[in-house]
Amino acid sequence: MNIILLGPPGAGKGTQARHLVETRGMTQLSTGDMLREAKDSGTEMGKIVADVMAKGELVTDEIVIGLIREKLQGEKTEGFIFDGFPRTLAQADALAELMAEQGETLNAVIEMRVDDDALVDRITARSTCGNCGEVYNDHTKPIPADGVCTNCGEKAEFKRRADDNAESLKQRLLEYYKKTSPLIGYYYAKGQLTAIDGLGEIDEVRARIAEVLDATAS
Ligand code: ADP
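A closer look at the overall build of the protein chain
Point 1. Of regular secondary structure, the protein chain possesses nine helices and eight strands.
Point 2. With the C-alpha coordinates of the protein chain rotated into their principal frame, the extents come out at 50 × 40 × 35 Å.
Point 3. When the 218 residues of the protein chain are sorted by exposure, 43% land in the buried category.
Point 4. The long-range share in the protein chain, meaning contacts at least 24 apart out of those at least 6 apart in sequence, stands at 68%.
Point 5. Accessible surface for the protein chain amounts to roughly 11,200 Å². Of this, 49% is attributable to carbon and sulfur atoms.

Comments concerning the site of the ligand
Point 1. Close to the ligand lie 19 residues, the nearest being Thr31, Arg36, Glu57, Gln91 and Arg172.
Point 2. The contact in question runs from an oxygen atom of the ligand to an N or O atom on the backbone of Glu57, over 2.5 Å.
Point 3. In the model, an oxygen atom of the ligand is placed 3.0 Å from a nitrogen or oxygen of the Arg161 side chain.
Point 4. Protein contact buries 97% of the 550 Å² of open area that the ligand shows by itself.
Point 5. Tallying contributions element by element places helix 2 (residues 31-41) first for the shell around the ligand, with four residues.
Point 6. Grouping the constituent residues of the shell around the ligand by class yields seven nonpolar, four polar and eight charged.

Examining the sheet that holds strand 6 (residues 135-137)
Point 1. Reading across the sheet, the three strands line up as 6-5-7 and stay open at both edges, with antiparallel pairing between neighbours. Edge strands, defined here as strands with exactly one partner in the open sheet, are strand 6 and strand 7 (158-159).
Point 2. Pairing geometry for strand 5 (residues 126-129) and strand 6, over three bridges, is antiparallel. Across the sheet, Thr128 pairs through a bridge with Val135, a residue of strand 6.

Considerations on the pattern of salt bridges
Point 1. Summed over all chains, the structure comprises 14 salt bridges.
Point 2. Across the pair Asp138 and Arg160 runs a salt bridge, and its minimum N-O distance is 2.9 Å. One end of the pair, Asp138, is in the loop between strand 6 and strand 7; the other, Arg160, is in the loop between strand 7 and helix 7 (166-180), with 22 residues separating them in the sequence.
Point 3. We classify Asp138 as partly exposed; its relative accessible area is 36%.
Point 4. Among the salt bridges present, the one from Arg161 reaches Asp163, with a minimum N-O distance of 2.9 Å.
Point 5. The structure contains a network of salt bridges with shared partners spanning Arg126, Arg161, Asp163, Asp164 and Arg172.

A look at the side chain of Asp83
Point 1. Inspection of the secondary structure puts Asp83 in strand 3 (residues 80-83).
Point 2. Side-chain polar atoms of Asp83 contact the side chain of Gln28, separated by 2.8 Å.
Point 3. Aside from chain neighbours lying at most four places away, what touches Asp83 is Leu5, Lys13, Gly14, Ala17, Gln28, Leu29, Ser30 and Thr31.

Brief notes about the nonpolar core
Point 1. The biggest cluster of nonpolar side chains holds 30 residues, and the ones touching the most others in it are Ile4, Leu35, Ile68, Leu72, Phe82, Leu95 and Tyr187.
Point 2. Among the elements of the structure, strand 1 (3-6), helix 2, helix 3 (44-55), helix 4 (61-72), strand 3, helix 5 (89-102) and helix 8 (182-189) are those that each provide at least two residues to this core.
Point 3. Looking at this core element by element, the count peaks at six residues for helix 4.
Point 4. With residues near it in sequence (within four places) discarded, Leu35 still touches Met45, Val49, Met53, Val59, Ile63, Val64 and Leu67.
Point 5. In terms of nonpolar packing, the next biggest core, distinct from the first, is built from 21 residues, Ile3, Met112, Ile196 and Val212 among them.

Thoughts on the packing of helix 2 against helix 4
Point 1. Two numbers describe how helix 2 lies on helix 4: the axes approach to 10 Å, and their chain directions differ by 100°. Taken together, the axis directions place helix 2 and helix 4 in an arrangement best described as roughly perpendicular. Mapping the contact onto sequence places Thr31, Met34 and Leu35 in helix 2 and Ile63, Val64, Leu67, Ile68 and Lys71 in helix 4.
Point 2. Residue composition of the contact of helix 2 with helix 4, grouped by class: six nonpolar, one polar and one charged.

Rules behind the numbers
- Within each chain, residue numbers correspond to sequence positions counted from 1 in written order.
- Two thresholds apply to this predicted model, a pLDDT of at least 70 for residue-level local features and 80 or more for giving and counting side-chain atom pairs, whereas whole-chain, interface and lining totals are computed over all residues.
- Note: side-chain values were computed over all heavy atoms of the structure, leaving out hydrogens and water.
- Secondary structure elements are taken from DSSP: a helix is a run of H or I of four residues or more, a strand is a run of E of two residues or more, and numbering for both begins at the N terminus.
- Burial classes: relative accessible area under 20% of the type maximum marks a residue as buried, over 50% as exposed, and values in between as partly exposed (1.4 Å probe, protein chains only).
- Note on definitions: a residue-residue contact is assigned when non-hydrogen atoms from the two residues lie within 4.5 Å.
- Computed with a 1.4 Å probe, the accessible areas rest on the Shrake-Rupley method; for each residue, only the protein chains presented here act as cover.
- We call a residue near a molecule or strand as soon as one heavy atom of that residue lies within 4 Å of the molecule or strand.
- Two N or O atoms count as a polar contact when they lie within 3.5 Å, although within protein this holds only if one can serve as hydrogen donor and the other as acceptor, and sequence-adjacent residues are included solely when both atoms are side-chain atoms.
- Each residue receives one of three labels: charged for Asp, Glu, Lys and Arg, nonpolar for Ala, Val, Leu, Ile, Met, Phe, Trp, Tyr, Cys and Pro, and polar for the others, Gly being one of them.
- Here, strands pair whenever DSSP counts at least two bridges between them.
- Salt bridge, as used here, is a side-chain nitrogen of Lys or Arg placed within 4 Å of a carboxyl oxygen of Asp or Glu.
- By convention a nonpolar core is built from buried Ala, Val, Leu, Ile, Met, Phe, Trp, Tyr and Cys residues, the set being connected through side-chain atoms within 4.5 Å.
- Every axis corresponds to a line fitted to the C-alpha atoms, with the helix fit spanning only the stretch in contact, and the corresponding angles, defined between N-to-C directions, vary from 0 to 180 degrees.
- Should an angle fall under 35 degrees it is taken as roughly parallel, and over 145 as roughly antiparallel, whereas 65 to 115 is taken as roughly perpendicular and any remaining angle as oblique.

Next comes the structure, spelled out in structure tokens:
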């Protein structure tokens, strides 16, 4: 089963995608993670995208479509979770073409709805385990006092993302509303959209997503 998790920055797409990888053996395709890897590895492409990402703007369609194309041609798994892709209508069209080429079907698009105040709150309080990527939140899930990650059990360095600051976040939200939110209408019109409430405990959101996936599978 192939699905898209759609929603603004901080909606919880990455957290939920990681859970689906663990429980359903699906493969997470996060263009944000791929771009951060490229940035950290210091490649030519990494240098180009670093500045764009830090400002909270979108990287070109050409670059992200190229990244996704490469992954789709890789090994087949229990299905793909597209996380942070597509972010523009051009990317959505490209994804439809790439899926058709690979003989794959897009089974569901899950829109995670979270109100804007909560997004700002979540993102400015967010940090992740440098070892396994587990997400922490200063208010609801603080970094353990002993510095040992509750997920991987390692003594880890906890990192804040360079673009998780008030200024880039404002730009990321603007980009979302201008360029990505039209995808809600696009997938609704195609009959593929299901919206869920992204607020509440992580487990509650997990259950809402599971319900959609189980209904899609049956
Ligand atoms: P978030 O959803 O929290 O904003 P991501 O990790 O998905 O974070 O993305 C971080 C940044 O990477 C974005 O602000 C953007 O610069 C870039 N990016 C990620 N995915 C895409 C995409 N599909 N198209 C264009 N830019 C992207």
